[in-house]
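Now for the letters of each chain:
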Amino acid sequence: MKLTSKPLAVAILVILFGGIMATTAMNWWQTESSKVPAVYTEGELAGEYNPADIRGSYTFGEVSELFDIPLADLGAAFQIPAGTDAATFELKSLETLYAGLPQEIGTSSVRLFTALYKGLPYDLSEDTYLLPQAVEILQRQGQLSAEQEEYLMGHIMGMTANAAAQPAIEATSVPAAATQTSSEQVTDRTVKGSTTFQDLLDWGVTQAEINSILGEKMPAAETVIKTFYTDKGLEFSTIKTSLQAAVDKTK
Amino acid sequence: MSGDILKKFTRRRIWIRSLVQIFFFGLIALISVNHTLVTTGKEIPFLSSASLHALCPFGGVVTIYQYASAGTFVQKIHESAFILMLIGFLLAIMFGPVFCGWVCPLGTFQEWIAGLGRKLFGKRRYNHFIPQKIDRWLRYLRYAVLGWVVYMTAVTGTLVFSNIDPYFALFNFWTSEVAIGGVIVLGIIIAASLFIERPWCKYACPYGAVIGISNLFRIFRIRRNESTCNMDHVCDITCPMNIKVSEKHIVRDHQCISCLECTSEAHCPVAGTVDFAAGRN
């Protein structure tokens, strides 16, 4: 059986667009995230949305709607700049907004805030930081357990000279307990917003390991990892876990 | 192959293939523009504004591991890429890598630059700069690229290929989303296309590497009838992938893109000698 160009062209178009139309009809064809987080599958919370599945592509408006949190509280907790519509502000943009801070304020911060605001369980084994304003709102809510309260006191974004330069943050409202010294940051082998590639090398991670995790050659050692990553339009939090694992292996 | 033979034929394109290629190039370009317009509150009506990552079948390939192990997709990849991958496989099983030869806008773009290269260097020299001995081994480089991309995506859980993706760079060069690595690779491809036809497809495309394997078992194949072949080597000269069609009965080369340029419908001057056909003979 021979086939010439015209029937072949028709076959290609029919199979390609037919496949797209068929999968669209079955609701399988999705070109973006569903913006519906996963739900808890066990226990008394079964069926409720799990804040741990909040993605960077969500907007504050969507988080507000999904988790029934007032948009004003979210805007205040994350100090969305005046003139910016918090409802359409994507969570992944937080990393750019707070690029100069010593600790990362990003999607994971929103996950933590949402969970504690709603009194939902959240894994506190990872270091996730919040702005002082967010902590104040959570304390006002009065749903924090002693363990959560203690965790938050150690994970309020430290105010540094860089942080003071951020227009969206009121430096005067930082609780004294939140301020970390630079020496604490150096001895703490945690990959965070201010960590440079040199820090990783100093902690014993080899350049080959870093190249392997990045999927490309490591840039200049003094480059801040977060800046390097966000400049590419990617979320720092996605690579942070892999780098932290490499650091932990050297202990 | 002599200059006389080259003078005997004029390059005839299969117009329907060119039309399909222009259609897909325009469609992807418009969708990409629409993706940018949406962020400004404007939108081209009745047209998708999907991210190009969502419309690339290779996205489906790189997320297979994560989907199998965790049931989720790699960041920026969605169900659509997975579906396109499956459609691409179905097309490849039936007709070979027609996605490369008929649909892929990056392949089309390289062919357009090839037209300029042919004018610069002539039909005989263009696409024959690299010595065959070296070229033969370079053709397997795309499998190394495929292995690296799949492995790194599995390890990091991120779309590492986006850092060097020339397809994304071609349709997003005006946005901040494009990686400098992608722009550099695209620049190299443009320069190389002046000397070599489809350099990215030949030496580096990981998706081409995947569906190129279908050439070993596809249903419709390029077949040469040895009894009527006059051995003028026109099929060899016109093949954009430099396959020696005149030395084969059935083309099983992993680089064939089913463009049909070698067939009697296009350049082969003898009717019924090089055909696209299914069946044993």
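How each quantity is defined
Residues numbered from 1 in each chain as written. Chains lettered and ligands numbered in written order. Predicted model: local features only at pLDDT ≥ 70, side-chain atom pairs only at ≥ 80, totals over all residues. Helix = DSSP H or I, 4+ residues; strand = E, 2+ residues; numbered from the N terminus. Buried ≥ 20, exposed ≤ 12 C-beta atoms within 10 Å, placed from the backbone. Contact = placed C-beta atoms within 7 Å. Nonpolar A, V, L, I, M, F, W, Y, C, P; charged D, E, K, R; others polar. Core = buried A, V, L, I, M, F, W, Y, C linked by C-beta atoms within 7 Å. Pairing = 2+ DSSP bridges. Axes fitted to C-alpha atoms, helices over the stretch in contact; angles between N-to-C directions. Parallel < 35°, antiparallel > 145°, perpendicular 65-115°, else oblique. Left-handed = near helix turned anticlockwise from the far one by under 90°. pLDDT = per-residue confidence, 0-100. Expected span 1.5 Å × (residues − 1). Arc of directions from axis to C-beta.

Turning next to the overall build of chain A. Broken down by element type, chain A carries 13 helices and zero strands. Going from the N terminus to the C terminus, chain A shows its helices and strands as α-α-α-α-α-α-α-α-α-α-α-α-α. By residue count, 34% of the 251 residues in chain A fall in the buried class. The contacts of chain A with a sequence gap of at least 6 include a subset with a gap of at least 24, amounting to 62%.

The partner chain B presents 36 residues to the 28 residues of chain A that form the contact. Mapped onto the side of chain A that touches chain B, the elements with two or more residues apiece are helix 1 (5-25) and helix 13 (236-249) of chain A. Considering every element that reaches the side of chain A that touches chain B, the biggest residue donor is helix 1 of chain A, with nine residues. Its residues assigned to classes, the side of chain A that touches chain B comprises 12 nonpolar, 11 polar and five charged.

Before going further, it helps to spend a moment on the nonpolar core. With 82 residues, the main nonpolar core has A:Ile12, B:Leu55, B:Phe99 and B:Val245 as its most contacted residues. The element contributing the most residues to this core is helix 5 (residues 79-95) of chain B, with nine residues. Once residues lying within four places of it in the same chain are set aside, the contact partners of B:Leu55 are B:Ile28, B:Ile31, B:Ala50, B:Ser80 and B:Leu84. Formed by 34 residues, the second largest nonpolar core is a distinct cluster that contains A:Phe67, A:Ile105, A:Phe113 and A:Ala115.

With the exception of glycine, the majority of residues adopt a negative phi angle, and the majority of peptide bonds are in the trans configuration. All names here are of chain B. Even without being a glycine, Phe-46 presents a positive backbone phi close to 60°. Tracing the chain through its elements places Phe-46 in the loop between helix 2 (15-39) and helix 3 (57-62). Phi angles above zero are rare outside glycine, and Met-231 is one such case at about 55°. Residue Met-231 is classed as exposed on the basis of its 10 C-beta neighbours within 10 Å.

It is worth spelling out the pairing of strand 1 (residues 221-224) of chain B at this point. All names here are of chain B. The two faces of strand 1 match: Arg-221 and Arg-223 on one face and Ile-222 and Arg-224 on the other face are all buried. As defined by bridge partners, strand 1 adjoins strand 2 (residues 274-277) across four bridges and the pair is classed as antiparallel. Within strand 2, the residue paired with Ile-222 across the bridge is Phe-276.

Moving on: the packing of helix 1 of chain A against helix 5 of chain B. Running from N to C, helix 1 of chain A and helix 5 of chain B cross one another at 150°; their axes reach a closest spacing of 10 Å. For the element pair helix 1 of chain A / helix 5 of chain B, the angle class is roughly antiparallel. Handedness of the helix 1 of chain A/helix 5 of chain B crossing: right-handed. Contacts between helix 1 of chain A and helix 5 of chain B pair A:Leu8, A:Ile12, A:Ile15, A:Leu16, A:Gly19 and A:Thr23 from the former with B:Ile83, B:Ile87, B:Leu90, B:Leu91 and B:Phe95 from the latter.

Right, let's talk about the environment of A:Ile54 for a bit. All names here are of chain A. With respect to the element layout, Ile-54 can be found in the loop between helix 1 and helix 2 (60-67). Looking at Ile-54, the number of C-beta atoms within 10 Å reads 25, which means it is buried. A sequence separation of 19 residues divides Ile-54 from Lys-35, and the C-alpha atoms of the two residues are 8.3 Å apart.

The next point concerns the packing of helix 7 (residues 105-125) of chain B against helix 11 (residues 180-193) of chain B. Residue and element names in this part refer to chain B. One can describe the packing of helix 7 onto helix 11 by two numbers: an axis separation of 8 Å at closest approach and a directional angle of 40°. On the basis of their axis angle, the class for helix 7 and helix 11 is oblique. Together, Gln-110, Ile-113, Ala-114 and Gly-117 of helix 7 and Ile-189, Ile-190 and Ser-193 of helix 11 make up the contact between the two elements. Of the residues in the contact of helix 7 with helix 11, the class split is four nonpolar, three polar and no charged.

Residues and elements named next belong to chain B. Tracing the backbone through its elements, the reader meets Val-150 in helix 9 (residues 141-156). By C-beta crowding, Val-150 is classed as partly exposed, having 19 other C-beta atoms within 10 Å. As for Val-150 and Pro-206, which are separated by 56 residues in sequence, their C-alpha atoms are 9.3 Å apart. Beyond its immediate sequence surroundings of up to four residues, Val-150 is in contact with Val-62 and Tyr-65.

Detailed reading of predicted coordinates is not advised where the pLDDT is low. Averaged over all residues, the pLDDT of chain B is 90; the fraction at 70 or higher stands at 95%. The complex prediction reports pTM at 0.66, with the ipTM value standing at 0.92.

Before going further, it helps to spend a moment on helix 5 of chain B. An ideal rise of 1.5 Å per residue puts 24 Å on 17 residues; helix 5 of chain B measures up with 24 Å between its terminal C-alpha atoms. Where helix 5 of chain B is concerned, the buried positions are B:Ser80, B:Ala81, B:Phe82, B:Ile83, B:Leu84, B:Met85, B:Ile87, B:Gly88, B:Leu91, B:Ala92 and B:Phe95. Contacts from the buried residues of helix 5 of chain B go to helix 1 of chain A together with helix 3, helix 6 (98-103) and helix 13 (206-212) of chain B. Taken from the residues just after helix 5 of chain B, B:Gly96 is the one with a positive phi, measuring 85°.

In this section: helix 11 (residues 207-214) of chain A. Residues spaced three or four apart along an α-helix face the same direction, because each turn holds 3.6 residues. All names here are of chain A. Among the residues of helix 11, those classed as buried are Ile-210, Ile-213 and Leu-214. Viewed along the axis of helix 11, the buried residues span an arc of 95°, placing them on a single side of the element. Facing away from the buried side of helix 11 by more than 90 degrees, the exposed set consists of Ala-208 and Asn-211.

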